[in-house]
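# Architecture and fold: a report
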Amino acid sequence: MKRFLASTVLRALAHAPGVRKQTGSPRLLVIRRNRMGDMIMALPLIRALKTAHPGAWITVLCDPEGAPIARACPEISEVVLLRKGGNRWVSLWINRPSLTGYDMVFGVKAGFDFYLAALCRLSGAPVRVGFEEKTGASPFFTHPVALPPREEHQARSCLRLAGILGIEGDETRMGIAVPPAIAQNAALALGPLTDGGRRPLCVVSISTNQEDRWPAPAFVQIVRQLVGEAGRSVGISSAPADRALARSLVHQVGSPWAQALETPTTLELAGCLGRAEFVLCFEGGVVHLAAACGTPALVLWRTQAPVEKWGSLGRNHHYLRAGRVSEIPVAEVWAALQRFVRTKNA
């Protein structure tokens, strides 16, 4: 009964007058919520849609965390931020002006989500695609897609939304284009650290969205080995909450070839990753950003999280897995890093 009432309300709202975008081209709306990594996983779908409809105007409606990635995708014509209301019904209403006037709408998530499905229904678009709780007739989508296998990778699951329309895609097409000005600023900022490009740069990311973290002494030891034994310069990357820790680690390492990277935005970090030989990182958005930048990575990963579903599809990405990431020995990490570097004594 709740589903019927919700569908009735959304159907009525969808037929209310709205603003129609005049572009002269097919209009596609991709709704993708959540964080940076989630947006990166949606890029292969967006590229598949653009390949199938070269002249299409593609708008992405997203949360603020995913917007920088969307803006760095050349196939995306416009990025609009989702607005938040007091509850989900208020949110639906205040976002309605951003939903109307499209020929096709895609609700992107590797599963069913009522709010996402409601946004699609509210658009009133003649073609609405998304994952449904059950197959068959859908009150939300004109083209409901059966739920993907539980352990399927996110990028592959997202591409199923194009597949129902007969559109094929490449799950590895998730690269981004960092704006030239940001890339140039990264080069200038990293110049002293890399001795003008003569000393290879690697990035060590100390932040993760998990409570289980590597201890500070482990970071200090691995950075000292990278600087001393491998002859690398090391940029220590961190989320804003870990900036003080990054500076403390630099102080403990005590080398001019180790510095904290001041990267307040996602694309500034991407500019640094794009110049790095490799990155050492943990479960979270940085591994996906490295994949989008084409940067090799060694990833410390919890065995509880299925890497087949949530890991990156980046080339030359390798994983060390353990029940507790904090217990992975530095010696094991150093041995795994040898695939990326040759020590000065080798």
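Everything below is about the structure printed above this text.
Rules of the game
Residues numbered from 1 in each chain as written. Predicted model: local features only at pLDDT ≥ 70, side-chain atom pairs only at ≥ 80, totals over all residues. Heavy atoms only, no water. Pairing = 2+ DSSP bridges. Helix = DSSP H or I, 4+ residues; strand = E, 2+ residues; numbered from the N terminus. Axes fitted to C-alpha atoms, helices over the stretch in contact; angles between N-to-C directions. Contact = heavy atoms within 4.5 Å. Buried < 20%, exposed > 50% of the residue type's maximum accessible area, 1.4 Å probe, protein only. Salt bridge = Lys/Arg side-chain N within 4 Å of Asp/Glu carboxyl O. Core = buried A, V, L, I, M, F, W, Y, C linked by side-chain atoms within 4.5 Å.

With that settled, the discussion passes to the sheet that holds strand β6 (residues 143-145). Sheet strands pair by backbone hydrogen bonding; their relative direction is either parallel or antiparallel. In space, the six strands of this open sheet follow the order β3-β2-β1-β4-β5-β6, with parallel pairing throughout. Whereas interior strands pair on both sides, the edge strands pair on one side only; in this sheet they are β3 (78-81) and β6. Between one strand axis and the next, the sheet turns by 15 degrees as a mean value, whatever way the strands run. Examined bridge by bridge, strand β2 (residues 57-62) and β3 share four bridges and lie parallel to one another. Bridge assignment links Val60 to a residue of β3, and that residue is Val79.

Here the focus is the sheet that holds strand β7 (residues 201-205). Overall, parallel pairing links the six strands, which are arranged β9-β8-β7-β10-β11-β12 in an open sheet. At either end of the open sheet lies a strand with only one pairing partner, and these are β9 (258-260) and β12 (317-322). In this sheet, neighbouring strand axes are inclined to one another by 20 degrees on average, regardless of whether the strands run parallel or antiparallel. Note: β7 against strand β8 (residues 233-237), five bridges, orientation parallel. Bridging across to β8, Cys202 finds its partner in Val234. Those strands touched by helix α8 (residues 216-228) are β7, β8, β9 and β10 (278-282), and its axis lies near 175 degrees from that of β7.

For helix α10 (residues 266-273), a buried count of seven out of eight residues is recorded, marking the element as mostly surrounded by other parts of the structure. Listing the buried residues of α10 in full gives Thr266, Leu267, Leu269, Ala270, Gly271, Cys272 and Leu273.

Looking now at the environment of Arg27. Positionally, Arg27 belongs in strand β1 (residues 27-32). With 36 residues separating them in the primary sequence, Arg27 and Asp63 have C-alpha atoms 20 Å apart.

We now examine the pattern of salt bridges. If you walk through the whole model with that rule in mind, you get 16 salt bridges. Arg33 serves as the salt-bridge partner of Asp63, at 3.7 Å between the closest nitrogen and oxygen. Residue Asp63 is found in the loop between β2 and α3 (67-71), and its partner Arg33 is found in the loop between β1 and α2 (36-52); the two are separated by 30 residues along the sequence. For Arg33, a relative accessible area of 27% corresponds to the partly exposed category. The shortest N-O distance in the salt bridge between Glu171 and Arg156 comes to 2.8 Å. Of this pair, Glu171 sits in the loop between α6 (154-163) and α7 (180-190) while Arg156 sits in helix α6, placing them 15 residues apart in sequence. Using a relative accessible area of 23% as the deciding quantity, one classes Glu171 as partly exposed. Sharing partners across several salt bridges, the network here consists of Arg47, Glu75 and Arg173.

A separate point is the nonpolar core. One broad rule of soluble globular proteins: the nonpolar side chains tend to lie buried together. Counting residues in each nonpolar core, the largest one holds 63 residues, and the members touching the most others are Phe106, Ile176 and Leu289. Ranked by residues supplied to this core, first place goes to α2 with ten residues. With residues up to four places along the chain from it excluded, the contact list for Leu289 reads Met36, Ile40, Ile69, Ile176, Thr266, Leu269, Ala270 and Leu273. With 35 residues, the next largest nonpolar core counts Ile236, Leu300, Val325 and Trp334 among its residues.

Moving on: the environment of Val220. Residue position: Val220 is located in helix α8. For the pair Val220 and Gly254, spaced 34 residues apart in sequence, the C-alpha separation works out to 9.5 Å. Excluding residues that lie within four positions of it along the chain, Val220 makes contacts with Leu249, Gln252 and Val253.

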